[in-house]
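As a plain string of letters, each chain reads:
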Number of protein chains: 2
Amino acid sequence: VAHDGAVVAALLDEARALVLAQIRTVLKERRRTGFAPLYDQLAVYPFREGKGLRPALLLSACRAVGGRADQAVVSATAVELFHNAFLVHDDIEDGSELRRGQVTLPEELGVPAAINVGDATNVLAIGLLLDNVEILGVRKALATVREVERMARESVEGQAIELEWIRQRRYDLSDHDYARMAYKKTCWYTVIAPLRIGVLAGSPPGTRAPTDDDLQPLIRLGFLAGIAFQIQDDLLNLDGDPGLYGKEAGGDLWEGKRTVMLNHFMRTCSPADHDRALALLDTDRRRKNPAEVSWLLQAMREHGSLEHGRRLATEYCERALEAHREISLFSVDGPDRRFLREMVRYVIDRVK
Amino acid sequence: VAHDGAVVAALLDEARALVLAQIRTVLKERRRTGFAPLYDQLAVYPFREGKGLRPALLLSACRAVGGRADQAVVSATAVELFHNAFLVHDDIEDGSELRRGQVTLPEELGVPAAINVGDATNVLAIGLLLDNVEILGVRKALATVREVERMARESVEGQAIELEWIRQRRYDLSDHDYARMAYKKTCWYTVIAPLRIGVLAGSPPGTRAPTDDDLQPLIRLGFLAGIAFQIQDDLLNLDGDPGLYGKEAGGDLWEGKRTVMLNHFMRTCSPADHDRALALLDTDRRRKNPAEVSWLLQAMREHGSLEHGRRLATEYCERALEAHREISLFSVDGPDRRFLREMVRYVIDRVK
């Protein structure tokens, strides 16, 4: 069954609009009191509109437990900014060329300024989290910082696992290795933390903050949905329409990124193909032969590696839907609860 | 008058030992529960012992307002870690080769892993700040996060100002331009924030956290002492004993760093010398002619630019001592209060 496109699109649009308005306000203030050119650079990625998946999850989780949007919008903006900070540093680490259809920030400003813009984006997000004191009270504001700390810790550990694979030139990776890395690098900050922070923000004012135990079931849901999301993201990179997707086509192969599909190919292809692929993957991005990159993509396709990825993503998606059914936290019926279910299907169906 | 070396050395040693023990404990825990290789990389800079100036200031400020070391040690460790995170990213941004007498982390691990280690170091520091809830209570723990946010914001803005000068190839900079940049980039995280956070941590338990107004006089003291510190640091880079100082000799000239001394030279030298210096400074670090670097250092010396820096640092130092005398916050007599005065003189006298 395809996802309910209308509810997903409506809630993504709403979240994007709320968050961009908030970012506009805080940047205006920072430009006024601080060093303005830094905040112009900082605005570049957020205003190249992304999907807004993270803020939408956060807002919907908040309302699905009975909260209002104004309890969540500051946290949603902070999470979106942390995401953008992560993208800036990730684009340097991966040597990427395009982001959201345009040249990456390190290509535009140079690596030094881009590192600093990433750092500044994190600082801006922390500033927003401090504004939560007035909105949520001291305890829930602190609990939100705690969630963000966990999210960021998982992300840097996931990033470190991936960078170690690159440093050690490892391609002998199982689907399990991949899931462990992506759980940390992607699931926490794309799904788990937005849901947990949304529930925190939406819990009735004056009551105690939800405990770690209360929030525990969201880890499994976010893991399953997040892995499905990441595999789908990687499939789009290999096989999607670059005009819609906003990154260079097959960019992951140029970067030698360990995706489920590439891992499958390297584990199961013939020794001759393995040697040929390895020679390509071990070559610096700028020296790679385009014909060899095309060969590898075609060989992966013929070998069933893309199909393997699609199958795996669908499996994770189905398990995520099951996990979602078992969660009792989202008690308020309405579009938000529907969105939280539909977004799992959306992950598989999306073309953008 | 020379500084009281014994009290300065004793308090720096004590702070270093307390902070390193704390870092050892938290890294052990992170290695056990997280991705261990990341925490091995993260340990590299902190265990190349620095001066420990920031934690020492924080601890002494805490005790000089009547607090105990155990109220401050977690914050002091966090501040030291933020400092180390900043150094990792700064070494990438500046293309530095040596840090604390050994090869820099980006040279050792490559830029991608080094960016991530810097990010992970920030996350570790934020984790420590959350431990403050148990030590200082919710309100003072949050107030400390607020101080750190301000510190980090000033630092990235200062860094952005400096990077803009580089991008625009500007060398027409006054002492005032320099002071504004260094106030943000250096003074906040080297002096102002450690003092303010120390006072917060040391304020009597159960009482309200000191307000922004209470902490205001520390901004002026930290500005004056911090500028003196930074000029002295830059003088040591140009003119110090590389064995003691731990960075490559004259490294700032290779990097084209806008110091008070270089700015003075560029403002006041002959047009011919200006052209010759500009040709050198606009050349990529790796293509610079060593003979020209030596010429520039010698020309700056003969032109009185190093002397200008020394004079300016001494002026800032004297104004800092004056500002210190006017501060009534540090009411507890003893070695900590003495340290907070002596450290201003130490800044000028230090050889390491």
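Refer to the structure above for everything that follows.
Counting starts from 1 at the beginning of each chain's written sequence and moves along it residue by residue. Whichever chain is written first becomes A and whichever ligand is written first becomes 1, with later ones labelled in order. Reporting in this predicted model follows two pLDDT cut-offs: at least 70 for local features of residues, and 80 or more for side-chain atom pairs to be given and counted; totals over whole chains, interfaces and linings ignore these cut-offs and use all residues. Processing note: side-chain calculations cover all non-hydrogen atoms of the structure and skip hydrogens and water entirely.

(A) Molecular detail of the overall build of chain A. Along its length, chain A carries 16 helices and two strands. For chain A, the C-alpha radius of gyration of 20 Å lies close to 20 Å, the compact-globule estimate for 352 residues. Along the first, second and third principal axes, the C-alpha atoms of chain A reach 65 × 50 × 35 Å. In chain A, which comprises 352 residues, the proportion classed as buried is 60%. Only DSSP runs of H or I with at least four residues qualify as helices, and only runs of E with at least two residues qualify as strands; both kinds are numbered from the N terminus onward. C-alpha atoms define the radius of gyration, and 2.2 Å times the number of residues to the power 0.38 defines the globule rule. Burial status follows relative accessibility: with a 1.4 Å probe on protein chains alone, a residue under 20% of its type maximum counts as buried, one over 50% as exposed, and anything between as partly exposed.

(B) The arrangement of the relation of the copies chain A and chain B in detail. Copy-to-copy superposition: least squares on the C-alpha atoms, limited to residues that have pLDDT of at least 70 in both copies. The two copies are related by a screw motion: chain A maps onto chain B through a turn of 180° and a shift of 0.0 Å along the axis, at an RMSD of 0.0 Å. Between the two chains, the operation in question is that of a two-fold axis.

(C) Expanded view of the interface of chain A and chain B. The contact criterion used throughout is that any non-hydrogen atoms of two residues lie within 4.5 Å. At the interface, 37 residues of chain A touch 37 residues of chain B. Where chain A abuts chain B, roughly 3,700 Å² becomes buried across the two surfaces, and 71% of that area is made up of carbon and sulfur atoms. One side-chain nitrogen of Lys or Arg within 4 Å of one carboxyl oxygen of Asp or Glu is enough to make a salt bridge. Our count for the contact surface shared by chain A and chain B stands at two salt bridges. The salt bridge partner of E149 of chain B is R30 of chain A, with a shortest N-O separation of 3.6 Å. Polar contacts here mean pairs of N or O atoms no more than 3.5 Å apart (in protein, one a potential hydrogen donor and the other a potential acceptor; neighbouring residues in sequence count only if both atoms are side-chain atoms). Summed over the shared surface of chain A and chain B, the result is eight residue pairs in polar contact (both at pLDDT 80 or more). Listing elements by their share of the side of chain A that touches chain B, those giving two or more residues are α2 (36–47), α4 (69–94) and α6 (111–167) of chain A. With 27 residues, α6 of chain A is the single largest residue contributor to the side of chain A that touches chain B. Amino acids are sorted into nonpolar (Ala, Val, Leu, Ile, Met, Phe, Trp, Tyr, Cys and Pro), charged (Asp, Glu, Lys and Arg) and polar (every other residue, Gly among them). Residues of the side of chain A that touches chain B, tallied by class, amount to 21 nonpolar, six polar and 10 charged. In short, buried area is how much 1.4 Å probe accessible area vanishes from two parts on joining, totalled over both.

(D) Structural view of helix α17 (residues 305–325) of chain B. Residue and element names in this part refer to chain B. Multiplying one less than the number of residues by 1.5 Å gives the expected span of a helix. Over its 21 residues, α17 extends 31 Å from the first C-alpha to the last, a length consistent with the 30 Å expected when each residue adds 1.5 Å. Looking at α17, one finds that the buried residues are S305, L306, H308, G309, L312, A313, Y316, C317, A320, L321, A323 and H324. Close packing links the buried residues of α17 with α9 (175–202), α11 (217–239), α14 (260–268), α16 (290–303) and α18 (335–349).

(E) Focus on the packing of α9 of chain B against α11 of chain B. All names here are of chain B. For helices, the fitted line uses only the C-alpha atoms of the stretch in contact; every axis is such a line through C-alpha atoms, and the angle between N-to-C directions lies from 0 to 180 degrees. As a packed pair, α9 and α11 sit with axes 7 Å apart at the nearest point and diverge in direction by 125°. In terms of orientation, α9 lies oblique with respect to α11. You can see that α9 and α11 cross each other, and the crossing is right-handed. Residue composition of the contact of α9 with α11, grouped by class: 18 nonpolar, five polar and two charged. Here the word oblique covers every angle except those under 35 degrees (roughly parallel), over 145 (roughly antiparallel) and from 65 to 115 (roughly perpendicular). Take the far helix as the reference: if the near one is turned anticlockwise from it by less than a right angle, the crossing is left-handed, and if turned clockwise, right-handed.

(F) Looking closely at a negative patch on the surface. Each patch is built from residues lacking any salt bridge and having more than 30% relative accessible area; the joining distance is 9 Å for like charges and 5 Å for nonpolar side chains (Val, Leu, Ile, Met, Phe, Trp, Tyr). Areas reported here follow the Shrake-Rupley algorithm with a probe of radius 1.4 Å; residue values treat only the protein chains shown as occluding. Charged-residue counts in this description rest on Lys and Arg as positive and Asp and Glu as negative, His and the chain ends being excluded. Every charge is mapped to an atom, namely NZ of Lys, CZ of Arg, CG of Asp or CD of Glu. Taken together, E315, E318, E322 and E326 of chain A make up a surface patch of like negative charges. Its location among the elements puts E322 of chain A in helix α15 (residues 305–325).

(G) Summary view of the environment of E342 of chain B. Residue and element names in this part refer to chain B. Tracing the backbone through its elements, the reader meets E342 in helix α18. On a C-alpha basis, the gap between E342 and G5 in space is 8.3 Å, while along the polypeptide they are 337 residues apart. Polar contacts involving the side chain of E342 include one to the side chain of R341, which spans 3.4 Å.

(H) Highlighting the packing of aromatic side chains. Stacked, tilted and edge-to-face are the three classes applied to pairs of Phe, Tyr and Trp rings, where Trp contributes its six-membered ring and a pair requires centres within 6.5 Å; stacked means planes under 30 degrees apart, edge-to-face means over 60, and tilted covers the rest. Using the criterion set out here, one finds six aromatic pairs over all chains in the structure. When the centroid spacing of 5.6 Å and the interplanar angle of 80° are considered together, the rings of Y183 of chain B and F223 of chain B count as edge-to-face. Residue Y183 of chain B is located in helix α9, and its partner F223 of chain B is located in helix α11; the two are separated by 40 residues in the primary sequence. Taken together, Y183, F223 and Y316 of chain A form an aromatic cluster joined through their ring pairs. Two conditions define a charge sitting above a ring: the NZ of Lys or the CZ of Arg must be within 6 Å of the ring centre, and it must be within 35 degrees of the ring normal. Across the ring face of Y171 of chain A, the terminal group of R258 of chain A is positioned such that the distance to the ring centre comes to 3.9 Å. Over the aromatic face of W295 of chain A sits the side chain of R276 of chain A, whose NZ or CZ is 4.0 Å from the ring centroid.

(I) Region of the structure containing empty space enclosed by the protein. For cavity detection a 1 Å grid was placed over the protein atoms alone, and a set of points counts as a cavity when a 1.4 Å probe fits there but cannot get out; an open set counts as a pocket when protein lies on both sides within 12 Å along at least five of seven lines, with lining residues being those that have an atom within 4 Å of a point. Grid points are joined across faces, edges and corners, and a volume is the space filled by probe spheres set on the points. Inspection of every chain in the model, using the stated rule, returns four cavities of 30 Å³ or more. As a volume, the largest cavity reaches approximately 750 Å³. As for the largest cavity, its lining consists of 44 residues, of which N122 and I126 of chain A together with D119, N122 and I126 of chain B are closest to the centre. By residue number, the principal contributor to the lining of the largest cavity is α6 of chain A, which donates 14 residues. Its residues assigned to classes, the lining of the largest cavity comprises 25 nonpolar, 11 polar and eight charged.

(J) Structural context of the nonpolar core. What is meant by a nonpolar core is a set of buried Ala, Val, Leu, Ile, Met, Phe, Trp, Tyr and Cys residues, joined one to another through side-chain atoms within 4.5 Å. Of all hydrophobic cores here, the largest spans 241 residues; its most connected members are I231, L296 and F330 of chain A together with I231, L296 and F330 of chain B. The greatest single-element share of this core, amounting to 22 residues, is contributed by α6 of chain A. In contact with I231 of chain B, other than residues within four places in its own chain, are Y178, V260, M261, G309, L312, A313 and Y316 of chain B.

(K) Just the environment of E318 of chain A, in detail. Residue and element names in this part refer to chain A. As for its position among the elements, E318 is in helix α15. A relative accessible area of 48% places E318 in the partly exposed class. In this structure the C-alpha to C-alpha distance between E318 and V344, which are 26 residues apart in sequence, comes to 8.6 Å.

(L) Up close: the state of the cysteines. All names here are of chain A. When the sulfur atoms of two cysteines come within 2.5 Å, that pair is taken as a disulfide. This model, assessed by the stated rule, comprises zero disulfides over all chains. Of all cysteine sulfurs in the structure, the one in C317 sits closest to C187, which takes part in no disulfide; the separation is 13 Å. Residue C187 is classed as buried on the basis of its relative accessible area of 0%.

(M) Broad picture of the environment of A201 of chain B. Residues and elements named next belong to chain B. In this fold, A201 is placed in helix α9. When its relative accessible area of 1% is taken as the criterion, A201 is described as buried. Along the backbone, A201 and A143 are 58 residues apart, and their C-alpha atoms lie at a distance of 9.6 Å. With near-sequence residues (within four places) excluded, A201 lies in contact with C62, Q71, A72 and L136.

Keep in mind these values describe shape, not function.
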